[in-house]
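Report on the structure
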Amino acid sequence: MVETVIVANGEFPKKGGAAWRLIAAAARVVCCDGAADAYRRRFRRWPDVIVGDFDSIRSENFRSQISDLKSQELPEVACVPEQDTNDLEKAMTYCAKQGWRNPVIVGATGKREDHAIGNVFRALDYGCEIVTDRGRFVPVRGKASFRVAKGAAVSIFAPDPKTRMTSKGLQWPLDDVKFKNLYCATLNRTTTTRVSLTATHPVYVYFAERN
């Protein structure tokens, strides 16, 4: 079971999907600002924590009760008004300060593309996995091995051009690839049921869900 799930204010996971199941089974749920409204509508309860600058939460019920934090039904609230970071980064920082390690992020994509791209690479900076209704982004630095379906779609994003990688189990091996841009190793395929990777710098490995 995942201990901590962060719900970003993108597209809320579809009921029954992998991201939805993560939320339902998590020991604690941390919502970014307006995602708390979507969470409460679907799960009929508040999350454990709401983090953000509170510029997008709309629930009048929440606004009317926010000053009464002794209520058993209310979440913990962490208001961070500064605008130098977005709500997802605020939530990841909050979790790190609480000692909640390896949170998994859902709801990071699916609405505005600029928000989605920003969320993805902010999460990579923090080493957090992202799960969506269409796949998952797994951060890798050093060695990693994954059990996968043969023929699954895999993409690697490497923001640092100094990154060097090796791979086993991919149709187009990554050995000695020079990452002249962050997307030059996208649209690969698995050839076995186990993929092994090494990376000298942080990369995101994206595994697409099979249709």
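Here the structure is a predicted model, which is why all the values come from computation and not from measurement.

A look at helix 4 (residues 87-98)
Counted at 1.5 Å a residue, the expected span for helix 4 with its 12 residues is 16 Å, and the 17 Å between its end C-alpha atoms agrees. When helix 4 is considered as a whole, its buried residues turn out to be Asp87, Leu88, Glu89, Lys90, Ala91, Met92, Tyr94 and Cys95. Residues of helix 4 that are buried in the fold lie against strand 1 (4-7), strand 2 (28-32), strand 3 (49-52), strand 4 (76-79), strand 5 (104-106) and helix 5 (113-126).

Section: the side chain of Asn188
If you trace the backbone, Asn188 turns up in strand 10 (residues 185-189). Reaching out from Asn188, the side chain makes a polar contact with the backbone nitrogen of Gln171 at a distance of 3.4 Å. Non-local contacts of Asn188, meaning those with residues more than four positions away in its chain, are made with Ala152, Ala153, Val154, Leu170, Gln171, Trp172 and Leu174.

Notes on empty space enclosed by the protein
Tallied over the full model, the rule gives one cavity of 30 Å³ or more. Within this model, the largest cavity holds a volume of roughly 80 Å³. Lining of the largest cavity is provided by Glu11, Pro13, Ala19, Gly107, Ala108, Thr109, Gly110, Val131, Thr132, Asp133 and Arg134. Here the lining of the largest cavity is composed, by residue class, of four nonpolar, four polar and three charged.

Reading the values: the criteria
Residues numbered from 1 in each chain as written. Predicted model: local features only at pLDDT ≥ 70, side-chain atom pairs only at ≥ 80, totals over all residues. Heavy atoms only, no water. Helix = DSSP H or I, 4+ residues; strand = E, 2+ residues; numbered from the N terminus. Expected span 1.5 Å × (residues − 1). Buried < 20%, exposed > 50% of the residue type's maximum accessible area, 1.4 Å probe, protein only. Contact = heavy atoms within 4.5 Å. Polar contact = N/O pair within 3.5 Å; in protein donor to acceptor, adjacent residues only side chain to side chain. 1 Å grid on protein atoms, 1.4 Å probe; cavity = no way out; pocket = protein on both sides within 12 Å on 5 of 7 lines; lining within 4 Å. Points joined across faces, edges and corners; volume = space filled by probe spheres on them. Nonpolar A, V, L, I, M, F, W, Y, C, P; charged D, E, K, R; others polar.

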